[in-house]
Amino acid sequence: MDRTFELAERVRVLLVGLGHECAVIGATALAAWGYPRSTADIDIAVNLDPKVLSDLARLLIDEGLKTELSLPDASDALGGTLTITSRDSDPIQVVNFYNPHRSRNILGRSLLEHANQKVLGQLAVVDLPHLVATKLYAGGLQSRVDVVEVLRRNSDCDLGEIAALCSRLGLDAAWRAAAADLEGAL
């Protein structure tokens with residue numbers, strides 16, 4: 001896992017060099033918030049023009065790494081992904097929350113503004129409300145389970161703050177369902 005974190009840090013350094021911040025999301029962020037579960041990669045959130053993902057991919061290829069770039073179209077909820085692989089680490093997936101084909105782009109800006117800086121070395125980790133929001137945005141059963149479990153382990157969190165964020169992001173229905181699951185689990 002050390003090599004994977006080294007690769008994630010290298011991606012962060014390159015992103016900063018391109019003028020962009022990032023934050024860890026996904027299962028690695030869940031672990032940072034007290035809910036460890038297995039994962040095959042580290043997910044890093046960005047909020048940038050998808051063309052910058054192409055620039056990042058070229059820089060990584062120049063360093064001998066393999067990349068797989070997926071750029072968005074108007075039907076995509078996200079602004080593309082870039083998966084970086086190395087033979088001696090787990091993959092890193094850069095998840096872009098800015099899709100220029102869509103008008104709404106609140107989550108990506110907000111989660112980077114509220115990330116907890118330098119939690120994993122120099123890597124920022126998304127704060128708890130935005131972690132919940134990214135999981136609800138992703139949807140699916142595993143994401144709802146993740147929300148319930150991370151909130152159970154952070155019982156002192158402000159559920160009103162999370163509900164307000166989800167409301168601003170248009171995730172009211174997903175939050176209500178997750179809150180009902182949480183209530184049932186307590």
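Before reading further, recall that the structure is shown in the block above.
Residues numbered from 1 in each chain as written. Predicted model: local features only at pLDDT ≥ 70, side-chain atom pairs only at ≥ 80, totals over all residues. Heavy atoms only, no water.

Looking now at the pattern of salt bridges. Between side chains of opposite charge, a pair can form as their charged atoms come close. Applying the stated criterion across every chain yields a total of 10 salt bridges. K135 is paired through a salt bridge with D146; the nearest N and O atoms lie 2.8 Å apart. A residue pair is termed long-range when its members are at least 10 positions apart, and K135 in helix α5 (residues 128-138) and D146 in helix α6 (residues 141-152) qualify at 11 residues. Its relative accessible area of 10% is what places K135 among the buried residues. Looking at D146, the relative accessible area reads 0%, which means it is buried. Its salt-bridge partner being E149, residue R153 comes within 2.6 Å of it at the nearest N-O pair. (Salt bridge = Lys/Arg side-chain N within 4 Å of Asp/Glu carboxyl O. Helix = DSSP H or I, 4+ residues; strand = E, 2+ residues; numbered from the N terminus. Buried < 20%, exposed > 50% of the residue type's maximum accessible area, 1.4 Å probe, protein only.)

Moving on, we come to the side chain of N96. Within the fold, N96 resides in strand β5 (residues 89-96). Residue classification places N96 among the buried positions, given a relative accessible area of 0%. Apart from the residues within four sequence positions on either side, N96 is in contact with V46, N47, L48, D49, P50, L53, L78, G79 and G80. (Contact = heavy atoms within 4.5 Å.)

With that settled, consider helix α7 (residues 159-168). The complete set of buried residues in α7 reads I162, L165 and C166. Take α7 and look down its axis: the buried residues cluster within an arc of 100 degrees, on one side only. Buried residues along α7 sit in contact with α4 (106-113), α5, α6 and α8 (172-185). (Arc of directions from axis to C-beta.)

A few words now on unusual backbone geometry. Residues apart from glycine generally show negative phi values, whereas peptide bonds are mostly found in trans. You will see that K118, though not glycine, has its phi angle at about 50 degrees, which is positive. In this structure, K118 sits in strand β6 (residues 116-120). Residue K118 is classed as exposed on the basis of its relative accessible area of 54%.

What follows is about the environment of L128. Examined against the element boundaries, L128 turns out to sit in helix α5. With 77 residues separating them in the primary sequence, L128 and K51 have C-alpha atoms 29 Å apart. Apart from the residues within four sequence positions on either side, L128 is in contact with W33, V150, L151, N154 and C157.

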